[in-house]
Amino acid sequence: MPAIRHASKRKAPPAGFTDIEDDLLIFSNKMKDAENETTVNVPRHQAHWKIFQISHQRSRYVYELYYDKEAISKQLYEWLLKNGYADAMLIAKWKKTGYEKLCCLRCVQTKETNFNSTCICRVPKAQMKEDQAIECVSCGCRGCASSD
Amino acid sequence: MLKSTHKAVAPPPLAEGWTEHKAPTGHSYYYNAATKQSTYTRPVAPPAPVTAPPPPTNPNESFLQYKGVGSLPSAGPTFNNDGSQGQFQGGRGGFQGRGGRGGHDRPRDSRPQPTDKPKTRHPIPGCEPWVLVHTKLGRRFVYNTEKDQSFWRIPDKLKDGILALDQQRIKEKAEALSKAKEPVDSGEAPGAAQRPGQAAAAEKTVEEGEAAEDSSEYEEVEVTDDEEDEENPAKRQRTEEPGQEEPIEFNEDDIAFQLAAMGQEYGLDPGEYGDDNMEEWEEGAEGLEMTAEDSAALFKDLLNDFGVNPYSPWEKLVEEGKLVDDLRYTALPTMKARKETWEEWTRERIKVLKEQRAREEKKDPRIPFLAFLQKNATPKLYWPEFKRKYKKESEMRDSAMTDKEREKFYRDHINRLKLPQSTLKSDLSTLLKAQPLSTLNNATLPSHLPPAVLADIRYISLDPSTRDPLVEGYISTLAPPPESADEGESEEAVKERKDRERRQKALEDRERHVAEEKRKQKKSLEFGKGKLREEEAEIARAMNITKKGLKDHLMDLDDAGKPS
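By the naming in an unreviewed UniProt entry, chain B is WW domain-containing protein, taken from Hyaloscypha variabilis.

An unreviewed UniProt entry lists chain A under the name Cell cycle control protein cwf14, with Hyaloscypha variabilis given as the organism. According to the UniProt record, the Subcellular location (unreviewed entry) comment for chain A is "Nucleus".

Pasting the structure below:
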């Protein structure tokens with residue numbers, strides 16, 4: 001493991017980072033809280049939902065800043081990806097049609113399910129049998145089909 | 001303002017063995033521990049409906065409590081009013097209405113019904129037990145005080161007397177007009193306007209010994225009192241309390257309450273809220289329509305005013321909940337619309353910020369650092385020491401400058417401090433002379449020197465006390481700035497501001513409009529509720545005919561059969 005350098009010795013982040021620094025800090029604090037939360041009374045499959053959620057939110061935040069609002073530079077965007085502020089693989093999916101709102105990568109892994117299908121949250125609301133409230137097992141998503 | 005002279009008279013004492021209790025609803029009810037009976041009707045000591053009241057020791061008192069007229073047309077003439085407000089009920093206990101009989105079988109919640117009530121009564125000359133009763137709505141009926149009978153249709157035998165009475169009244173009216181409101185002799189005077197404010201005195205006169213049944217003065221007094229009730233809104237709240245103490249009777253309090261309720265229901269509301277006002281509002285609403293763009297713009301104004309960071313995520317904004325309290329938050333109806341507007345706004349705002357930054361000269365990070373150096377650097381400290389000492393300062397942590405640069409500046413500065421003053425001064429003057437006239441001229445303020453000067457190490461080498469006079473002197477020798485104009489921007493700003501004001505006004509108008517709508521709706525709702533209550537009460541009354549009530553009714557029918 002490489003030594004962690006002191007902040008003053010590190011290369012400064014690209015310009016524009018100061019604009020989003022505070023919000024990223026909020027996200028990382030939330031993530032820390034979620035990581036440190038007790039899982040004593042939580043069902044086992046739900047233990048990681050919060051973490052999935054926050055990482056999704058943060059990735060979405062970075063994605064929108066760069067692609068929708070064009071608020072950050074390419075350098076900064078790449079720097080953010082490199083430093084783990086956003087999930088590049090998830091963002092790569094969001095760029096494809098049909099996956100614009102994808103909640104997490106696990107939910108499209110057909111090979112990980114018994115019937116070689118995607119997660120229930122990928123089913124459009126219109127095709128659900130009745131108005132049943134679903135929360136998917138992997139990340140607690142309530143539906144992330146593009147048509148919803 | 002006239003004050004009501006109405007006084008809640010203590011209810012008659014309870015019969016032996018009965019105790020009074022309050023139900024959770026606020027009604028009082030009565031319980032007899034011996035017989036384990038409970039009732040809403042007040043069991044008075046001398047059982048009023050059954051036995052005649054004992055000969056009163058004090059005639060005034062008995063008069064107050066059991067005025068012989070008792071229930072006026074309890075089973076007599078009933079009539080519907082134009083407003084379908086239910087039926088006129090049970091008189092006012094013989095215009096006195098405390099204690100007496102009548103109305104026993106009426107449920108208490110029949111409050112808002114009667115809109116009509118007896119107003120004045122006059123003995124018919126020549127036909128003594130009969131009196132002519134005028135109601136509030138201008139109708140009249142005849143009433144036999146001895147037999148407790150009343151008729152809408154005037155029996156033939158009374159017609160002559162009534163004719164005479166009418167003539168007399170017309171005459172009196174003419175006299176009263178000529179006398180210009182001089183109080184007429186109270187005996188047969190019909191005008192309730194006779195003494196509008198003297199009801200209290202009148203009540204005293206009653207106590208002074210007018211036990212006679214057909215003393216019309218007393219009735220007049222009562223009428224006056226009641227009319228005051230109806231006119232005096234302050235009374236309305238009060239009437240509820242005494243109303244609860246007397247659950248049996250349909251008496252003055254009840255009537256006052258009903259009047260109040262009626263007034264609330266329709267009579268007073270339009271007057272209170274004022275039609276002219278509403279017209280105004282409508283006008284305003286017509287004049288300033290809220291378009292979708294306007295509401296979006298309002299929401300954007302809100303975002304601007306709260307200094308929302310356009311880079312922050314939407315969730316943060318929602319979680320903070322700062323905006324919710326603002327009126328402009330409601331300009332947009334749904335959260336989705338808000339989010340869309342917010343997105344649009346962030347896009348615009350970020351664009352603006354970007355442009356601003358591009359236009360703005362790059363804020364040189366060296367300027368604050370050099371100012372910091374001038375303040376804190378001493379030849380006594382080496383760079384590492386200096387760095388350690390001030391490592392918490394923002395100038396030392398700024399990521400725009402590297403440590404190497406900082407170190408270089410520090411060393412240079414320390415070295416320059418050792419040079420003679422004259423060299424430093426000449427260096428400064430060469431620096432100033434090198435500035436073009438567009439950035440440095442005689443209009444430049446010494447506090448706003450061009451960044452090129454501020455970011456130079458030569459500028460900080462001299463102590464401010466010696467440097468500033470030099471700089472000022474040099475500036476004063478300079479020529480005026482070359483002309484340049486940028487007033488278009490200010491015009492734009494003015495336009496922007498006007499637009500914004502207009503939107504604000506539109507929002508306010510809409511709010512007012514909405515409030516008015518709400519009030520209207522509430523009113524209609526209450527009106528509907530009142531109606532419903534009435535109907536319910538009517539049904540309850542219909543269901544509630546007891547044996548006694550039926551008998552009463554039949555008896556009345558029999559009685560009515562005889563004279564007519």
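Right, let's get into the overall build of chain B. Across its full length, chain B carries 21 helices and 7 strands. Within the span of chain B, comprising 564 residues, buried residues form 39% of the whole. The long-range fraction of contacts in chain B, counting pairs at least 24 apart against all pairs at least 6 apart in sequence, stands at 67%. By element, 53% of the accessible surface of chain B is carried by carbon and sulfur atoms, the whole surface being about 33000 Å².

Right, let's talk about the confidence of the model for chain A for a bit. Looking at chain A as a whole, its pLDDT mean stands at 90, while 99% of the residues score no less than 70. Ranking the helices and strands of chain A by mean pLDDT puts helix 4 (residues 88-94) of chain A first, with 95, and helix 1 (residues 17-36) of chain A last, with 92.

Residue and element names in this part refer to chain B. Ordered by their spatial adjacency, 3 strands build an open sheet running 1-2-3, and the pairing between neighbours is antiparallel. The open sheet terminates on both sides in strands that have one partner only, identified here as strand 1 (18-22) and strand 3 (37-39). Put simply, the sheet's adjacent strands are angled 25° from each other on average, direction ignored. Of the pairings in the sheet, the one linking strand 1 to strand 2 (residues 28-32) comprises 5 bridges and is antiparallel in character. Each residue of the ladder has a partner; that of histidine 21, found in strand 2, is tyrosine 29.

Moving on, we get to the sheet that holds strand 6 (residues 140-144) of chain B. Residue and element names in this part refer to chain B. One open sheet accounts for 4 strands, arranged 4-5-6-7; its pairing is antiparallel. Strand pairing shows two members of the sheet lacking a second neighbour, strand 4 (118-123) and strand 7 (149-151), which therefore form its edges. Neighbour-to-neighbour, the strand axes of the sheet open up by a mean angle of 25°, direction not taken into account.

We now examine the nonpolar core. Grouped together as the largest cluster of nonpolar side chains are 28 residues, with contacts concentrated most on Leu373(B), Phe386(B) and Tyr459(B). Residue assignment for this core shows that the elements contributing at least two residues are helix 12 (366-376), helix 13 (383-389), helix 15 (403-417), helix 16 (421-433), helix 18 (457-461) and helix 19 (464-476) of chain B. Among all residues touching Phe386(B), those that are not within four sequence positions of it are Phe372(B), Leu373(B), Asn376(B), Ala377(B), Leu381(B), Met396(B) and Tyr410(B). In this structure, Tyr63(A), Tyr66(A), Ala71(A) and Val108(A) belong to the second largest nonpolar core, which totals 26 residues.

Chain A puts 13 residues into the contact, and the matching count from chain B is 14 residues. Both sides of the chain A and chain B interface together cover about 1300 Å² of buried area, and 51% of this is carbon and sulfur. Its largest share of buried area at the contact with chain B, chain A owes to Asp19(A), Asp23(A) and Lys69(A), together 41% of the area lost on that side. Taken together, the connections running from chain A to chain B amount to 3 salt bridges. Among the salt bridges present, the one from Asp19(A) reaches Arg357(B), with a minimum N-O distance of 2.9 Å. At the boundary of chain A with chain B, the tally comes to 7 residue pairs in polar contact (both at pLDDT 80 or more). Looking at the side of chain A that touches chain B, the elements that each hand over two or more residues are helix 1 and helix 2 (49-68) of chain A.

Only a minority of non-glycine residues have a phi that is not negative, and only a minority of peptide bonds are not trans. A positive phi angle, close to 50°, is found at Asn116(A), a residue other than glycine. Structurally, Asn116(A) is set in the segment after helix 4. Phi is positive for Asp148(B), close to 60°, though the residue is something other than glycine. Inspection of the secondary structure assignment puts Asp148(B) in the loop between strand 6 and strand 7.

With that settled, the discussion passes to the packing of helix 16 of chain B against helix 19 of chain B. All names here are of chain B. At their nearest, the axes of helix 16 and helix 19 sit 11 Å apart, and the two run at 35° to each other. Crossing handedness for the pair helix 16 and helix 19: right-handed. Packed against helix 16, whose contacting residues are Gln421, Lys425, Leu428, Leu432 and Lys433, the element helix 19 presents Thr466, Arg467, Leu470, Val471 and Tyr474 at the interface. The residue inventory of the contact of helix 16 with helix 19, partitioned by class, reads 5 nonpolar, 2 polar and 3 charged.

Residue and element names in this part refer to chain B. Applying the stated criterion across every chain yields a total of 28 salt bridges over all chains. A salt bridge links lysine 300 to glutamate 348; the shortest N-O distance between them is 3.4 Å. With a gap of 48 residues between them, lysine 300 in helix 9 (residues 292-305) and glutamate 348 in helix 11 (residues 335-359) connect regions that are remote in the sequence. According to the relative accessible area criterion, lysine 300 is buried, its value standing at 13%.

Cut-off values and rules
Residues numbered from 1 in each chain as written. Chains lettered and ligands numbered in written order. Predicted model: local features only at pLDDT ≥ 70, side-chain atom pairs only at ≥ 80, totals over all residues. Heavy atoms only, no water. UniProt positions renumbered as here; feature names shortened; annotations may be inferred. Helix = DSSP H or I, 4+ residues; strand = E, 2+ residues; numbered from the N terminus. Buried < 20%, exposed > 50% of the residue type's maximum accessible area, 1.4 Å probe, protein only. Contact = heavy atoms within 4.5 Å. Areas by Shrake-Rupley, 256 points an atom, 1.4 Å probe, with all protein chains shown as cover. pLDDT = per-residue confidence, 0-100. Pairing = 2+ DSSP bridges. Axes fitted to C-alpha atoms, helices over the stretch in contact; angles between N-to-C directions. Core = buried A, V, L, I, M, F, W, Y, C linked by side-chain atoms within 4.5 Å. Buried area = accessible area lost by both parts, 1.4 Å probe. Salt bridge = Lys/Arg side-chain N within 4 Å of Asp/Glu carboxyl O. Polar contact = N/O pair within 3.5 Å; in protein donor to acceptor, adjacent residues only side chain to side chain. Left-handed = near helix turned anticlockwise from the far one by under 90°. Nonpolar A, V, L, I, M, F, W, Y, C, P; charged D, E, K, R; others polar.

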